[in-house]
Amino acid sequence: MKTYLVTGGAGFIGSNFIHCMINKYGNSIRIINVDLLTYAGNLENLKGLENKENYTFIKADICDKDKIEEIFKNNEIDYVVNFAAESHVDRSIKDPEVFVRTNVLGTQCLLNIAKNYWEKEDDTFLPGKKFLQVSTDEVYGSLEHEGYFTENTPLDPHSPYSASKAAADMIVKAYFDTYKMPVNITRCSNNYGRYQFPEKLIPLVINNVLSGKELPVYGDGKNIRDWLYVEDHCLAIDQVINNGKLGEVYNIGGHNERQNIEIIKTIIKTVQNTLDESDPRRNHISDELIKFVKDRKGHDRRYAIDPAKISSEIGWLPETAFEQGIVETIKWYLKNAKWIENVTSGQYQEYYRQMYEKKDERVS
Ligand code: NAD
Ligand code: TYD
């Protein structure tokens, strides 16, 4: 039986990954979820798993050496899947320090303890172990109109968030180059789907459309992101754990490039079409909610992944077209109004006020 140490498993992608693995492998695997439960961590995302024998939650900081050491001491960990991170670019622009702490020092702490437990006296590693670092395409910087990010694209991060992720990738690479530690790095494009905290574009827009609030578009709205359905991403990670060549980087994306303004208009239309005809919220939904606001500082123009390596070497291909994934996602947010209500009360209101108050200064 393989034991996975999943970090950040109470966040958006981590919680989807845990559900996905338990659905796929049932009781033949064990999962230990280590999460600090920051503003982005939500145990509601894991409802239904609490009483499963093969699932354990431990509240801990990935920077806490003693606690991580204790987890390795008490459990025979086979795979570390490191999702834990500060993940929001806007927050990193306001307060970079915690990004360096969690994303860089936290990754180093996990790596080093895993190495101590997995390395044998002859400097080789126990078989069947792997450290998978979940990274991002943002480490490659920004593209113009043409071209794609491949695994050989030089790293050129711009935001404090992407710089911290690139630094973490370099440390993971160093552990492979120096010690031959069994690692993989995956770099995916923007994810969307259930359980995403509404500070990111898609859930923020769904939430605002439903409450008749303005939809803030940074700059001219023509920045491009390459959207990946979270469940497709989780299956790709599973395949890299099982079939990825040690030491390699794999880009994960599915050629779903869209301008932000296009995404926002699609959400408006899809919410309109999904709500019952008698639903009073339909009355306030229109393109008039769109509001162009001050641009993000250092806003990357375009991200686009070339997934040729993962599809040719490992056979992974995304299964969900954007048109289908966005409908599923909107339906989930409509059905889970309580989830949204819980995560948007309190601290979120204050975050929203602080973040968007100043952006209102520019209207085009
Ligand atoms: P998220 O912000 O939703 O979740 C992050 C989780 O990490 C939260 O549960 C949080 O409580 C936990 N965490 C934060 N600091 C911690 C610490 N010090 N110790 C333990 N746990 C801590 O993030 P996400 O969107 O699920 O992203 C997961 C990973 O995927 C991140 O590493 C991110 O960089 C990467 N990624 C995300 C996207 C995306 O579109 N969301 C795209 C590319 C890469
Ligand atoms: P985001 O979801 O924050 O992801 P990332 O910055 O990591 O790609 O943003 C996606 C895109 O949407 C990005 O170009 C910034 C833009 N955006 C807005 O226009 N308005 C918003 O309110 C937010 C949160 C993002």
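Residues numbered from 1 in each chain as written. Chains lettered and ligands numbered in written order. Predicted model: local features only at pLDDT ≥ 70, side-chain atom pairs only at ≥ 80, totals over all residues. Heavy atoms only, no water.

**Quick notes on the overall build of the protein chain**
(1) Moving on: The helix and strand inventory of the protein chain stands at 12 helices and 13 strands.
(2) Moving on: For the protein chain, the C-alpha radius of gyration of 20 Å lies close to 21 Å, the compact-globule estimate for 364 residues.
(3) Moving on: C-alpha extents for the protein chain along the principal axes are approximately 70 × 45 × 40 Å.
(4) Moving on: Across the 364 residues of the protein chain, 54% fall into the buried class.
(5) Moving on: Here the analysis covers contacts within the protein chain between residues at least 6 apart in sequence; of these, 83% occur between residues at least 24 apart.
(6) Moving on: Roughly 16,200 Å² of accessible area belongs to the protein chain as shown, and the carbon and sulfur atoms make up 47% of that amount.
(7) Moving on: Side chains of the protein chain give 45 positive and 54 negative charges; the mean places of these two sets differ by 2 Å. (Helix = DSSP H or I, 4+ residues; strand = E, 2+ residues; numbered from the N terminus. Rg over C-alpha atoms; globule rule 2.2 N^0.38 Å. Buried < 20%, exposed > 50% of the residue type's maximum accessible area, 1.4 Å probe, protein only. Contact = heavy atoms within 4.5 Å. Areas by Shrake-Rupley, 256 points an atom, 1.4 Å probe, with all protein chains shown as cover. Lys, Arg positive; Asp, Glu negative; His and termini not counted. Charge placed at Lys NZ, Arg CZ, Asp CG, Glu CD.)

**Re the environment of Tyr352**
(1) Moving on: Within the secondary structure, Tyr352 is located in helix 12 (residues 347-357).
(2) Moving on: A sequence separation of 237 residues divides Tyr352 from Lys115, and the C-alpha atoms of the two residues are 41 Å apart.

**Focus: the site of ligand 1**
(1) Moving on: Taken together, 29 residues lie near ligand 1, and Ile13, Asp35, Ser87, Tyr161 and Lys165 sit nearest.
(2) Moving on: A distance of 3.0 Å is found between an oxygen atom of ligand 1 and a backbone nitrogen or oxygen belonging to Gly11.
(3) Moving on: Asp61 is positioned with one of its side-chain polar atoms (N or O) 2.9 Å from a nitrogen atom of ligand 1.
(4) Moving on: The set of elements that each furnish at least two residues to the shell around ligand 1 consists of helix 1 (12-25), strand 5 (130-136) and helix 5 (160-179).
(5) Moving on: No other element matches strand 5, which puts three residues into the shell around ligand 1. (Near = heavy atom within 4 Å. Polar contact = N/O pair within 3.5 Å; in protein donor to acceptor, adjacent residues only side chain to side chain.)

**With respect to a negative patch on the surface**
(1) Moving on: A cluster of acidic side chains, namely Asp64, Asp66, Glu69 and Glu70, defines a negative patch on the protein surface.
(2) Moving on: Inspection of the secondary structure puts Asp66 in helix 2 (residues 65-74). (Patch = residues over 30% accessible without salt bridge, like charges linked within 9 Å, V, L, I, M, F, W, Y side chains within 5 Å. Salt bridge = Lys/Arg side-chain N within 4 Å of Asp/Glu carboxyl O.)

**Concerning the pattern of salt bridges**
(1) Moving on: With the rule as written, the count across this model stands at 17 salt bridges.
(2) Moving on: Between Lys309 and Glu248 there is a salt bridge, with the nearest N and O atoms lying 2.6 Å from each other. In this pair, Lys309 sits in helix 9 (residues 308-314) while Glu248 sits in the loop between helix 7 (230-243) and strand 11 (249-252), placing the two residues 61 residues apart along the sequence.
(3) Moving on: Classification of Glu248 as partly exposed rests on a relative accessible area of 23%.
(4) Moving on: Between Arg258 and Glu323 there is a salt bridge whose closest N-O contact spans 2.7 Å. With Arg258 in strand 12 (residues 257-259) and Glu323 in helix 10 (residues 322-335), this pair connects stretches of sequence that are 65 residues apart.
(5) Moving on: Each of Arg258, Glu262 and Glu323 takes part in salt bridges that share partners, so that together they form one network.

**What to know about the nonpolar core**
One broad rule of soluble globular proteins: the nonpolar side chains tend to lie buried together.
(1) Moving on: If you look at the biggest cluster of nonpolar residues, it comprises 71 residues, and the most contacted ones within it are Tyr4, Phe17, Ile31, Val81, Ile202, Ile237 and Ile267.
(2) Moving on: Element by element, the count of residues in this core is highest for helix 1, at seven residues.
(3) Moving on: The contacts of Val81, once residues within four sequence positions are left out, are Tyr4, Leu5, Val6, Thr7, Phe17, Leu132, Val134, Ile237 and Ile241.
(4) Moving on: Ile32, Ala166, Met181 and Tyr303 belong to the second-largest nonpolar core, a separate cluster that totals 33 residues. (Core = buried A, V, L, I, M, F, W, Y, C linked by side-chain atoms within 4.5 Å.)

**Things to note about the site of ligand 2**
(1) Moving on: Lining the immediate environment of ligand 2, one finds 18 residues, of which Glu138, Arg225, Arg296, His299 and Tyr356 sit closest.
(2) Moving on: Pro216 is positioned such that a nitrogen or oxygen atom in its backbone is 2.8 Å from a nitrogen atom of ligand 2.
(3) Moving on: His299 places a side-chain nitrogen or oxygen 2.7 Å from an oxygen atom of ligand 2.
(4) Moving on: Relative to its unbound accessible area of 510 Å², ligand 2 is 98% covered by the protein chains.
(5) Moving on: Of all the secondary-structure elements, those providing two or more residues to the shell around ligand 2 are helix 6 (201-211) and strand 8 (215-218).
(6) Moving on: For the shell around ligand 2, the element with the most residues is strand 8, which contributes three residues.
(7) Moving on: For the shell around ligand 2, the residue count by class is eight nonpolar, five polar and five charged. (Nonpolar A, V, L, I, M, F, W, Y, C, P; charged D, E, K, R; others polar.)

**As for the packing of aromatic side chains**
(1) Moving on: Summed over the entire model, instances satisfying the criterion amount to 20 aromatic pairs.
(2) Moving on: Between Trp332 and Tyr333 the ring centres are 5.0 Å apart and the planes differ by 85°, which places this aromatic pair in the edge-to-face class.
(3) Moving on: Centre to centre, the rings of Trp332 and Trp339 are 5.3 Å apart; their planes meet at 75°, and the pair counts as edge-to-face. There is no split in this pair, since Trp332 and Trp339 are both buried. (Phe/Tyr/Trp six-rings, centres within 6.5 Å; stacked < 30°, edge-to-face > 60°.)

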